[in-house]
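Analysis of the macromolecular model
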Amino acid sequence: MPCERKPMRYGHSEGHTDVTFDDAGKFIVTCGSDGDVRIWESLDDDDPRSINVGEKAYSLALKKRKLVTAGSNNTVQIHTFPEGDPDGILTRFTTHATHVAFNHSGSRVAAGSSDFMVKVVEVADSSQQKTLRGHDAPVLSVTFDPKDEFLVGSRIHYITFTSWPVLQKSNDVSTAKSLCRLGWQPKTAKLLAVPVGLKVHLYERDSWEHVSTLSDDMMTQPINVVAWSPCGQLLAAGSVGGFLTVWNAESKLCVERQKHEKGYTVCGLAWHPSGRQLAYTDTQGSLGLLDDLPTASSAPAVKAANDYDDLFDEDDDRAMDEGLSDTHSPAKRPVAGGDDDDDDDLMPATGRVKNRSSFLDDENSLDTVSLALGQGKYGDDDDAGSTVAPPTGPSLPLRPAYEGPLPTLPQKPFQPGSTPAHLTHRFMTWNSVGVVRGYNDDQDNAVDVEFHDTAVHHAMHLTNALGHTLADLSQEAVLLACPATDELASKLQCLHFSSWDANKEWIVDLPAGEDVRALVLGQGWAAAATSARTLRLFTVGGVQKEIFSLPGHVVSMAAHGEQLLVVYHRGTGFDGDQALGVQLLQLGRRKRQVIHGEPLPLSCKAHLAWLGFTAEGTPCYVDSEGVVRMLNRSLGNTWTPVCNTRETCKGKSDHFWVVAVHENPQQLRCIPCKGSRYPPTLPRPAVAILPFKLPLCQTTTEKGQMEEQYWRSTLLQNHYSFLSSSGYEIDDEGQNQNQKEQQELLMKMFALSCKLEREFRCMELAELMTQSVVTLAVRYASRSRRMNLAQRLNELAMEKANQLQEEQEQEEEEVQEEEHHTPRRKSPSQSRVSNVLDSMTSVRRPAPLGGPSGKQSKGPVLKPLAPKPKTKVSLIQRPWTGFQLWLEENRKSILADSPDLQETDVIKAAMGSFRSLSAEDRLVRGSDWDEIVLNPKIGRLRCVPEVGGELRGVGGARGC
């Protein structure tokens, strides 16, 4: 049976890491570039104990309750284990130590350093040291002979020196192509394993002759580290490309092959003392575990000659099919193929022929099995004992294998707000209503339901006798589901605690062979997506409703009110990307599909991490890279990124676990997780609040900040129109406040653009303004003496006024059609809006709110919004002012004194004479005179509006 690859855990920040087990196998101990040593009780440990040993920790070794670490402070320290108390410094170097190792008895420690030296220190008395010199490059690895006679570093140190030029020299460990972590065979100490490029060389003790080679054609990048199993018969290797391979050293067969889930470099390996588990770490600070590894006795034996079909058992097929290169493409190698072009002779991505009966292990074939038997490209000359002999016969022609992108492993379905199901204590769901916890240990197997608002319902403790693994919670019910077993079918259980009758629980058995993969609760309904690509709808009381098929396997679901959001696999992704599709359905009285299976955008090589709705009902989701995206209904149901939680994380191994999203106020509620992706269940984690921030360009500048604020406010205001169209009552005050803030931001950006002399940009901003704010922009432009801009803004204000007038007329026509069933004809002589700065013609006054009859239209079932009267621009002709009348009366006398005066000079002279009049004379001419200001540079007048905001032209002169 294949081994189980556990999901990886984030243990340290990005950089080099190392791992080991304690002597009893109770703890996993890791160290990393963050300077911490962490002690894990298991891979599921949510709160590992941490010991800080310096700025960085490069290597560790553990023996007989003594923990030795090599750090960046040029020292080798020792701590007690598992207490973690400092126990002194064993030795120092001139540069940082690179690797440490105990001898078999635990009495001595060997340490290598970047200063080309190796030191051997007695643990009991650190003053007893031996310094070994002779290296001409930094020491990458050290290991003791199990018999305590030899020490292997870059060279073997004994009475005489022996060396092999197996690696390219480097001036620093960080620049080395491989760590070359050596491994000496336990117990017998007969063989020394040395990683050399893509292969592992085995050297014989005493003679130091190269006796054998272990290789794998799936390896495309150098092997970084090797580790022997406790029995000494299996050898594990981790490569730069992320491959984990286990060989049987005697038969040289590959008994297990795994690929790092993200292709990161494996830099640490450690066997569990039982030999059934293999822990590994990568250069991104993550910890992984391979469980249930084959033992030496269960490893596949070498088959007899020509018995090729038996070589391809189920485990080997899986191992070879999972082989990937670091560049996400299969290893480039020629494969044997037939002479004809039949489909049966096509080569799969693994490079193995489909027709096993025609498999020929000739000298040109580079198949995986032949390589494992020492007959391929990387075979050695010491495999004479192999029992598989190449058959005689003509060679088949070579043709290249598929070299395109490799498919991505599909993401498994998950419940939003839940932690992995393999944890004994986990969150089954965490949403805006409450928290559902699951416990599955030796003491209890139960489900706890806790509500954020105890007024909804009191907390509940449910016995999990059916083994439920999925849960969802609403203000009406708790929905649970369990997988099928050999005896029982998959079940859907609902506890309808808001029901007014005595029977508050119902259970539904799914058809045979069908498991619930995702479930969700809406307003009065429930939905369950199954392994048969079927989505089943129920009422909250248990009545079965619609059932329909999904285009692919479900990934996750979410609900809000009458909305149902479904994400599924729409195809196979490549090069690490997931190919997901999304459907959004309205399940109200008028059922309809809003989003019809469009692709769901994700970050590069990311997967879906959370799916849900905002508290206001807008669909949103979070991917594994921390990017939060929200549906933009005003832009054709596109997805807009509104936040990136990774920008707020302090460390690269930290994450934020999202639980809720709010648009008003603009908040992302999540739980900070230090060193992991999921929070612990106890104690209850605290919820943090992150702000939204659109990823616009140059947000550090004043212009970029205002643009980001405006578009964020516009995006998060879309829910008002959606709720209004759905018949819900909305917060008019909040909507008006948002609109006011948006117009203020536009006016600020307009002023900034005027200051930067970007008049075309000013017009672009004015297009986004309302008619009243454009009027203010006209005044601002005139005061800034930008007359060309003011004139264009004038025309824009006139257009917006006309549009507003047409909208009002259309609304009135609709009202009259509903009440009288007769359309109202528009008079051809109806006046149009004129220039804002000229004399304005009159238009009709707004109609009453309820129409001529005063009757209100019948509203929907939900509380509707009463239509609000829209602001109208008053275009009523006003009388001339006193100054205008006085100017017209005295124009002839002014021109008689100075006949050569231009119109501007005439107005200037008239204004001076009019101001010299007494207050009584002005009152005689009229009390509605308004101040006018002359611009002598251009020769135009600016009008100051009276109360009400209407602008008037003065003396026939065109304003600005």
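Cut-offs and rules
- Residues numbered from 1 in each chain as written.
- Predicted model: local features only at pLDDT ≥ 70, side-chain atom pairs only at ≥ 80, totals over all residues.
- Heavy atoms only, no water.
- Helix = DSSP H or I, 4+ residues; strand = E, 2+ residues; numbered from the N terminus.
- Buried < 20%, exposed > 50% of the residue type's maximum accessible area, 1.4 Å probe, protein only.
- Contact = heavy atoms within 4.5 Å.
- Areas by Shrake-Rupley, 256 points an atom, 1.4 Å probe, with all protein chains shown as cover.
- Polar contact = N/O pair within 3.5 Å; in protein donor to acceptor, adjacent residues only side chain to side chain.
- Salt bridge = Lys/Arg side-chain N within 4 Å of Asp/Glu carboxyl O.
- Pairing = 2+ DSSP bridges.
- Axes fitted to C-alpha atoms, helices over the stretch in contact; angles between N-to-C directions.
- UniProt positions renumbered as here; feature names shortened; annotations may be inferred.
- Phe/Tyr/Trp six-rings, centres within 6.5 Å; stacked < 30°, edge-to-face > 60°.
- Lys NZ or Arg CZ within 6 Å of the ring centre and 35° of its normal.
- Core = buried A, V, L, I, M, F, W, Y, C linked by side-chain atoms within 4.5 Å.
- Expected span 1.5 Å × (residues − 1).
- pLDDT = per-residue confidence, 0-100.
- Patch = residues over 30% accessible without salt bridge, like charges linked within 9 Å, V, L, I, M, F, W, Y side chains within 5 Å.
- Lys, Arg positive; Asp, Glu negative; His and termini not counted.
- Charge placed at Lys NZ, Arg CZ, Asp CG, Glu CD.
- Arc of directions from axis to C-beta.
- Parallel < 35°, antiparallel > 145°, perpendicular 65-115°, else oblique.
- Left-handed = near helix turned anticlockwise from the far one by under 90°.
- Nonpolar A, V, L, I, M, F, W, Y, C, P; charged D, E, K, R; others polar.

Things to note about the overall build of the protein chain
Looking only at helices and strands, one finds 11 helices and 56 strands in the protein chain. Relative to its full complement of 960 residues, the protein chain shows a buried share of 51%. Intrachain contacts of the protein chain at a sequence separation of at least 6 include 50% that bridge at least 24 residues. Within the structure as shown, the protein chain displays about 46,300 Å² of accessible surface, and the carbon and sulfur contribution to it stands at 50%.

Concerning unusual backbone geometry
A cis amide bond links Phe 81 with the next residue in sequence, Pro 82, at an omega value of 5°. Along the chain, the position of Pro 82 falls in the loop between strand 9 (75-80) and strand 10 (86-92). In this structure, the amide linkage connecting Leu 682 to the following residue, Pro 683, adopts the cis form with an omega of -5°. By secondary structure assignment, the location of Pro 683 is in the loop between strand 53 (667-673) and strand 54 (688-690). A positive phi is found at Lys 252, a non-glycine position, where the angle reads about 60°. Among the secondary structure elements, Lys 252 is positioned in the loop between strand 25 (243-248) and strand 26 (253-259). Positive phi outside glycine occurs at Arg 533, with the angle close to 60°. Along the chain, Arg 533 falls in the loop between strand 41 (525-530) and strand 42 (534-539). By relative accessible area, Arg 533 is classed as partly exposed at 36%.

Considering the environment of Glu 708
Relative to the assigned elements, Glu 708 resides in helix 3 (residues 702-715). Measuring from C-alpha to C-alpha, the distance between Glu 708 and Leu 696 comes to 6.4 Å, with 12 residues separating the pair along the chain. Glu 708 has contacts with Phe 692, Lys 693, Leu 694, Leu 696 and Thr 699, leaving out every residue within four places of it along the chain. Here the side chain of Glu 708 touches Leu 694 through a polar contact of 2.9 Å, landing on its backbone nitrogen.

Quick notes on the pattern of salt bridges
Following the criterion strictly, the structure yields 22 salt bridges and no others. For Asp 216, the salt bridge identified is with Arg 257, shortest N-O distance 2.7 Å. On the criterion of sequence distance, the pair formed by Asp 216 in the loop between strand 22 (210-215) and strand 23 (223-228) and Arg 257 in strand 26 is long-range, its members being 41 residues apart. You can call Asp 216 buried: its relative accessible area is 3%. Exposure remark for Arg 257: the relative accessible area of 2% places this residue in the buried category. Salt bridges here are not isolated pairs; linked through shared partners, they connect Asp 145, Glu 149, Arg 205 and Asp 206.

Description of the sheet that holds strand 48 (residues 608-613)
The strand order across the open sheet formed by 4 strands is 48-49-50-51, and the pairing between neighbours is antiparallel. One side of each edge strand has no neighbouring strand; the edge strands of this open sheet are strand 48 and strand 51 (638-644). Taking each pair of neighbouring strands and ignoring which way they run, the sheet shows an average axis angle of 25°.

Details of the UniProt feature "repeat: WD" (unreviewed entry) in the protein chain
The UniProt record annotates "repeat: WD" (unreviewed entry) at residues 9-41 and 216-257. Counting secondary structure, residues 9-41 comes out at 0% helix and 45% strand; the distance between its end C-alpha atoms is 13 Å.

Some remarks on the packing of aromatic side chains
Taken as a whole and assessed by the stated rule, the structure comprises 12 aromatic pairs. Aromatic pair Phe 427 and Trp 430: ring centres 5.3 Å apart, planes at 65°, arrangement edge-to-face. Each member of the pair, Phe 427 as well as Trp 430, carries the same accessibility label: buried. Ring-pair connections join several aromatic residues into one group, and the members of that group are Phe 150, Trp 184 and Trp 208. One Lys or Arg, Lys 119, reaches over the ring of Phe 93 and ends 5.0 Å from the middle of that ring. Taking NZ or CZ as reference, Lys 259 lies 4.9 Å from the ring centre of Phe 243, over its face.

Focus on the nonpolar core
Ranked by size, the top nonpolar core spans 24 residues in total, and within it Phe 750, Met 769, Leu 789 and Leu 793 carry the most contacts. Looking at this core, the elements that each hand over two or more residues are helix 3, helix 5 (732-755), helix 6 (759-767), helix 7 (771-783) and helix 8 (787-820). No other element matches the 7 residues that helix 5 contributes to this core. Setting aside anything within four residues of it in sequence, one finds Met 769 in contact with Gln 743, Leu 746, Met 747, Phe 750, Val 774, Ala 777 and Lys 800.

As for helix 5
The end-to-end C-alpha distance of helix 5 is 35 Å, a good match for the 34 Å that 24 residues give at a rise of 1.5 Å each. Among the residues trailing helix 5, Glu 757 stands out with phi positive, at a value near 60°.

Structural notes on the confidence of the model for the protein chain
In this model, the protein chain carries a mean pLDDT of 78, and residues with pLDDT of at least 70 account for 76%. Within the model, the stretch residues 301-396 combines pLDDT values under 50 with 178 contacts to residues more than four positions away or in other chains. In this model, residues 822-834 is a region of pLDDT below 50 whose contacts with residues beyond four sequence positions or in other chains number 28 contacts.

Focus: a nonpolar patch on the surface
Where nonpolar side chains cluster on the molecular surface, the patch consists of Leu 466, Leu 488 and Ile 507 and spans about 240 Å² of accessible area. As for its position among the elements, Leu 488 is in the loop between strand 37 (478-482) and strand 38 (491-495).

A word on the sheet that holds strand 33 (residues 434-440)
Sheet strands line up and pair through hydrogen bonds in the backbone, either parallel or antiparallel. Strand order in the open sheet formed by 4 strands is 32-33-34-35, and the pairing between neighbours is antiparallel. Edge positions in the sheet fall to strand 32 (425-430) and strand 35 (460-463), since each of these pairs with one other strand and no more. The sheet shows a mean angle of 20° between the axes of neighbouring strands, taken without regard to direction. Two strands pair when backbone bridges link them, and strand 34 (residues 445-451) and strand 35 are joined in this way by 4 bridges, in the antiparallel orientation. Bridged to Val 447 within strand 35 is Leu 462.

What to know about a negative patch on the surface
A grouping of Glu 764, Glu 767, Glu 795 and Glu 799 is seen on the molecular surface, where their side chains present a negatively charged patch. Looking at the negative patch, the elements with two or more residues in it are helix 6 and helix 8. As for its placement among the helices and strands, Glu 799 is situated in helix 8. Its relative accessible area of 45% is what places Glu 799 among the partly exposed residues.

Comments concerning helix 6
Of all the residues in helix 6, the buried ones are Cys 762, Met 763, Leu 765 and Ala 766. Along the axis of helix 6, the buried residues cluster in a sector spanning 160°; they form a single face.

As for the packing of helix 5 against helix 7
For the pair helix 5 and helix 7, interaxial distance at closest approach is 11 Å and the crossing angle is 25°. With respect to helix 7, the element helix 5 is oriented roughly parallel. When the axes of helix 5 and helix 7 are compared, the crossing they make is right-handed. Only Val 773, Leu 776, Ala 777 and Tyr 780 of helix 7 make contact with helix 5, whose side of the interface consists of Gln 743, Met 747, Phe 750, Ala 751 and Cys 754. Across the contact of helix 5 with helix 7, the residue classes tally to 8 nonpolar, 1 polar and no charged.

A few points about the packing of helix 9 (residues 882-897) against helix 10 (residues 903-915)
Between helix 9 and helix 10, the shortest axis-to-axis distance is 10 Å and the interhelical angle comes to 115°. In terms of their interaxial angle, helix 9 and helix 10 are classed as roughly perpendicular. In terms of crossing hand, the pair formed by helix 9 and helix 10 is right-handed. Side by side, helix 9 and helix 10 meet where Gly 882, Phe 883, Trp 886, Leu 887, Arg 891, Ile 894 and Leu 895 of the first sit next to Glu 903, Val 906, Ile 907, Ala 909, Ala 910, Met 911, Ser 913 and Phe 914 of the second. For the contact of helix 9 with helix 10, the per-class residue count stands at 11 nonpolar, 2 polar and 2 charged.

A word on the environment of Lys 545
Here Lys 545 lies in strand 43 (residues 544-549). For Lys 545, a relative accessible area of 37% puts it in the partly exposed group. Spatially, the C-alpha atom of Lys 545 lies 9.2 Å from that of Trp 525, the residues being 20 residues apart in sequence. The residues contacting Lys 545, other than those within four sequence positions of it, are Leu 537, Phe 538 and Thr 539.

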